[in-house]
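# Structural characterization, general
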Amino acid sequence: MTSRKLNVLVYAGTGSTVESVKHTIYSLHRLLSPNYAVIPITEAVLLKEPWAPSCALLVFPGGADLGYCRVLNGEGNSIISQYVRRGGSYLGFCAGGYYGSKRCEFEVGNKAMEVIGSRELAFFPGTCRGGAFEGFQYHSENGARAVRLNVVKDAFRGAGVIPEVFSSYYNGGGVFVGSAIGTSDVEVLASYASDLNVDGGHEKAALVYCKVGQGAAILTGPHPEFAAVNLSPHHDVAGYDELIATLRANDDARTSFLKACLTKLGLEVNQETSGVPSLSRLHLSSISSSDVDELLHSWGEIISKQDGEEYIRAENDTFHLQKPESMWSVAGLKDALTSDDSPDQKSPDVSNGAMVDYSTITKHLVTHGEAWPEAKVTPYFNHNAFYSSLRDYRQTVPEAEEWGDFLMYGEVVTSTNTLLEKNFNLLSKLPSGFTLTATTQVAGRGRGSNVWVSPAGCLIMSTVINHPAHLVPSRPIVFIQYLAAIAVVEAVKSYDRGYDQVPVKLKWPNDIYARDPRQPSSSPPSYVKIGGILSNCSYSSGSYQVVLGIGVNTTNGRPTTSLDALLPPHLAPFRIEKLTAGIVARLEALYKVFARRGFTRDMESAYYAHWLHGRQVVSLEAEGGVRARILGITSDWGMLRAEELGTDDKPTGKMWALQSDENSFDFFRGLVRRRV
């Protein structure tokens, strides 16, 4: 069983700078979404997690390469080198370019800044020498400039339209020199057009492509990933306004060149550059519309008034409450364009594609107390279809009675989990079953620090569960993610007649997988991830408030596959509204039984009926590579249960229990690895 390489991993650990990481993630996401997930990682992941099999590209951004060396020399660099030599791809911007060369020479003769030494990766078998231009200062824009680059177009045959020359942001990068340049293993992709501050050889190589075993690396001196739209004015730096203007004028050329570089590394580039969509209004409704006013009344102590308007100023976000009739009024339109903090201050402009702090943008919440939102108001989510489906499921699913009664929907939101979990004042007022759903997320959250854009076609929802504190000892919260996993699979398989054969599975502890429809039926099963579950928890007034986030690729085929792609031709496509209602109904029924009786044998059987790991033999890396057979999950705290194997894979009698929040289970390689 193999995994597809869908992850673009951006190093954000020791040695990197926040700004370089942000610019890198911004540009790569715009060019590679939705084909890949762009994910920041630390040195701990590189050293201790099985990242290589699913990694399409490893990126080292700007920073200070001595920091990279300090934490990755030895074992880390060996892992990276092995990944590339076995067919992987490496992209090093600036400091990442120094780091990927055989030798680094930086500011030679400047005792305060001089760095000279060999480097272990040695993808470029020569020297990266810098700074190519004078004036560099750490943590400063004083040495920044727009440098002209001459593109070697012969290095990009078949890559489409690329510029012959363009300007790129530069701040401290090097030039690549050595006898390997011009050989079959090293190509110059672009050269500096200006005279340099160091000996750059005849080529003045600014970017190089290096064949490394079965893989490849591109190393850069300048920063082609820096977009002008994300650079802030520095009035204390002479010429900085001109620098930004120059880069803005060259942005199309820069983007085309960066696309060509990614294509050369074997990645599938999005030719229609993805922009980040603007946030939309949120719409609050209820299965019984009059109940919306009752819910708002219960929020009374967290609602404040200003100039006749109502606001909820929560910990992370501010919500402006509006009525449907005020949405299209002159005042409403003016308010939608203007920040509440200052009548003259515009809200951050996301239409120009720049990086945005979404917590600074007021969220406009329309409360529908008389009727459900009309289709023209929410064209990508039909509230009538959702509530009608919910009523239908309540006729067939025992104990599905209340959850989903209140629904908040947004066409474009930051993150359904963040909007609830990070705004504790609001969360503390929400009943169990309150559900927030969206068509697109611009800052979707996964386990750890993973953040990404969730594209349209993905079922995105977060449901609130108020779990009484006195139940926790006998009904541990960890089981709720298992209930959610069962609810998702059962909602898919019972969607309608004939859907019971849809090949969806569970991967411990909280992922949804499906058989890859692109694999021939005669081949061994190959599974790809199509969904995940994220559970966040806080405490208030005698209850643990669980925000249970669920995301499932439903109609969107990228980056892996979708539920629709699994259907035979005679079955109708999934409708997100109906599937959402089915998940909510089954989750309510499962939770109510769980609250009364705990994680029952029937629940355990349902979980095992759908999971991928039955009696799988794995290695317990944290225990010295001991082999063990997966038996299931423990009935007390929901940990992974495994029996140790001895010679000839016979049980030794020793059992292991592995916590889901401290271990990562790599199904495709048969390893259980300790999380850090």
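Our subject is the structure that appears above.
If you're wondering where the values come from, they're calculated on a predicted model, not measured in any experiment. (Residues numbered from 1 in each chain as written. Predicted model: local features only at pLDDT ≥ 70, side-chain atom pairs only at ≥ 80, totals over all residues. Heavy atoms only, no water.)

Right, let's get into the overall build of the protein chain. Of the regular secondary structure elements, the protein chain holds 15 helices and 32 strands. Out of the 676 residues belonging to the protein chain, those deemed buried represent 57%. Considering only contacts in the protein chain between residues 6 or more positions apart, those separated by 24 or more positions represent 68%. (Helix = DSSP H or I, 4+ residues; strand = E, 2+ residues; numbered from the N terminus. Buried < 20%, exposed > 50% of the residue type's maximum accessible area, 1.4 Å probe, protein only. Contact = heavy atoms within 4.5 Å.)

Turning to the environment of Gly-97, a few remarks are in order. Of note, Gly-97 is situated in helix H5 (residues 95-99). The exposure class of Gly-97 is buried, given its relative accessible area of 0%. Remark: the alpha-carbon pair of Gly-97 and Val-208, spanning 111 residues in sequence, is separated by 9.2 Å. If sequence neighbours within four positions are ignored, Gly-97 has contacts with Gly-92, Cys-128, Phe-176, Leu-219 and Thr-220.

Before going further, it helps to spend a moment on the nonpolar core. Counting residues in hydrophobic clusters, the biggest one holds 76 residues, and the most contacted among them are Val-504, Leu-563, Phe-574, Leu-579 and Tyr-607. The element contributing the most residues to this core is helix H14 (residues 576-597), with 13 residues. Excluding residues that lie within four positions of it along the chain, Leu-563 makes contacts with Val-492, Val-504, Ile-530, Val-552, Asn-553, Thr-554, Phe-574 and Leu-579. In terms of nonpolar packing, the next biggest core, distinct from the first, is built from 43 residues, Leu-28, Leu-57, Leu-91 and Phe-257 among them. (Core = buried A, V, L, I, M, F, W, Y, C linked by side-chain atoms within 4.5 Å.)

Taken together, the buried positions of helix H3 (residues 65-72) are occupied by Asp-65, Gly-67, Tyr-68, Cys-69 and Leu-72. Positioned one or two residues after H3, Gly-74 has a phi angle of 90 degrees, which is positive.

Another point: the pattern of salt bridges. It is possible for side chains of opposite charge to pair when their charged atoms get near one another. Tallied over the entire structure, the rule returns 22 salt bridges. Its salt-bridge partner being Lys-376, residue Glu-374 comes within 3.9 Å of it at the nearest N-O pair. With relative accessibility at 48%, the residue Glu-374 sits in the partly exposed group. A relative accessible area of 71% places Lys-376 in the exposed class. A salt bridge links Asp-405 to Arg-394, with the nearest nitrogen and oxygen atoms 2.7 Å apart. Of this pair, Asp-405 sits in the loop between helix H10 (383-396) and strand E19 (406-413) while Arg-394 sits in helix H10; the two residues are 11 residues apart in sequence, bridging distant segments of the chain. Judged by relative accessible area, Asp-405 falls into the buried class, the value being 18%. (Salt bridge = Lys/Arg side-chain N within 4 Å of Asp/Glu carboxyl O.)

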